[in-house]
Amino acid sequence: MSRLQTLFRHSTEAVAAALMAAMFATFILQVVVRYAARLDWVAVNMPWFQPSSFGWTLEFCLAIWVWLIFWGNAFVVRDQDHVTFDILYTTVPPGVRRGFAIVAGLAIAVALLASIAATWDRFAVLRLKRTATLGDLFGDWIRMRDIYLIYIIFLIAVPLRYFWAVWRAFRYGVEEPVLPGVVPPVEGRQGK
C-alpha cells in the first residue's frame, strides 16, 4: 500500500507541477507579446505576433489557476501544511483530541458531500456557457463546465481524505501535537 500511495502522491504532484509550468509559460508568453509586439520590426516581420491574437492567455492562466488551487488542495496539500488555530486542541487530553478530530472530520466531509448536488445543478447552466477566448485556442467545444469540473473532483476527494482521517483517529487515535520550541521527552529516559 505504501508504494501505491507514494506513486499516487508523486503523480498528483507531477500534475500540479505541470499546471504551474503551463501557467508560467503562458505568463512569459504574455510578457513577450506585450513588449515585443511594440517593436516596429516585430510587427512588420511577424504579423501573426499581434497582441490581439493572444487574448486567450489571460483566460488560460485563470483557468489553470482554478485547476491548480483545487487540484492542489484535493491531492497535494497535507493537513499539517494548513494554517490552524489549535490552541484548544493542543491543551486537551488525547481522548478529547480524538473526539475533536472525528467530529470535525465528519462535519467537513458530510458538508462537502452535501454540496455536490447543488453544485452539479449549477453545472447544468455552465455546460451551455462558452469561454470568452479559450475557444480561439482549443476550439468551440470547451465550456465553462470543463474549467470548473475540478471543483466536483475536489468535492469528492477532500471528503474521502477526511473519512480516512476519521477512520484513522477512531482506530488508532491522534498523534501528539508538536509544539514549536518544546522538546518532546525521549522514551526510556527519566527526567529530573
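In this report, the structure presented in the accompanying data block is examined. None of these values were measured; they are calculated from a predicted model. (Residues numbered from 1 in each chain as written. Predicted model: local features only at pLDDT ≥ 70, side-chain atom pairs only at ≥ 80, totals over all residues. Heavy atoms only, no water.)

1. Some details on the nonpolar core
Then, in step 1: Counting 32 residues, the largest nonpolar core has Phe49, Trp71, Ala74, Phe75 and Leu134 as its most contacted members.
Then, in step 2: Broken down by element, this core gets its largest block of residues, eleven residues, from helix 3 (residues 56-76).
Then, in step 3: With residues up to four places along the chain from it excluded, the contact list for Phe75 reads Phe8, Arg9, Thr12, Ile153, Ala157 and Arg161. (Core = buried A, V, L, I, M, F, W, Y, C linked by side-chain atoms within 4.5 Å. Buried < 20%, exposed > 50% of the residue type's maximum accessible area, 1.4 Å probe, protein only. Helix = DSSP H or I, 4+ residues; strand = E, 2+ residues; numbered from the N terminus. Contact = heavy atoms within 4.5 Å.)

2. Some points on the layout of surface pockets
Then, in step 1: Its volume calculated, the largest pocket comes out at about 2,000 Å³.
Then, in step 2: Lining the largest pocket are 38 residues, with Arg78, Asp79, Gln80, Arg161 and Ala165 positioned closest to its centre.
Then, in step 3: Those elements that place two or more of their residues in the lining of the largest pocket are helix 1 (2-36), helix 3, helix 5 (94-126) and helix 7 (144-172).
Then, in step 4: In terms of residue count, helix 7 provides more of the lining of the largest pocket than any other element does, ten residues in total.
Then, in step 5: Counted by class, the lining of the largest pocket contains 24 nonpolar, six polar and eight charged residues. (1 Å grid on protein atoms, 1.4 Å probe; cavity = no way out; pocket = protein on both sides within 12 Å on 5 of 7 lines; lining within 4 Å. Points joined across faces, edges and corners; volume = space filled by probe spheres on them. Nonpolar A, V, L, I, M, F, W, Y, C, P; charged D, E, K, R; others polar.)

3. Focus on the packing of helix 1 against helix 3
Then, in step 1: Across the interface, helix 1 lies against helix 3 with an axial gap of 9 Å and an inter-helix angle of 160 degrees. Compared by their axis directions, helix 1 and helix 3 come out roughly antiparallel. Relative to helix 3, helix 1 is oriented so that their crossing is left-handed.
Then, in step 2: Partitioned by chemical class, the residues of the contact of helix 1 with helix 3 number 20 nonpolar, four polar and two charged. (Axes fitted to C-alpha atoms, helices over the stretch in contact; angles between N-to-C directions. Parallel < 35°, antiparallel > 145°, perpendicular 65-115°, else oblique. Left-handed = near helix turned anticlockwise from the far one by under 90°.)

Just geometry here; none of it tells us what the structure is for.
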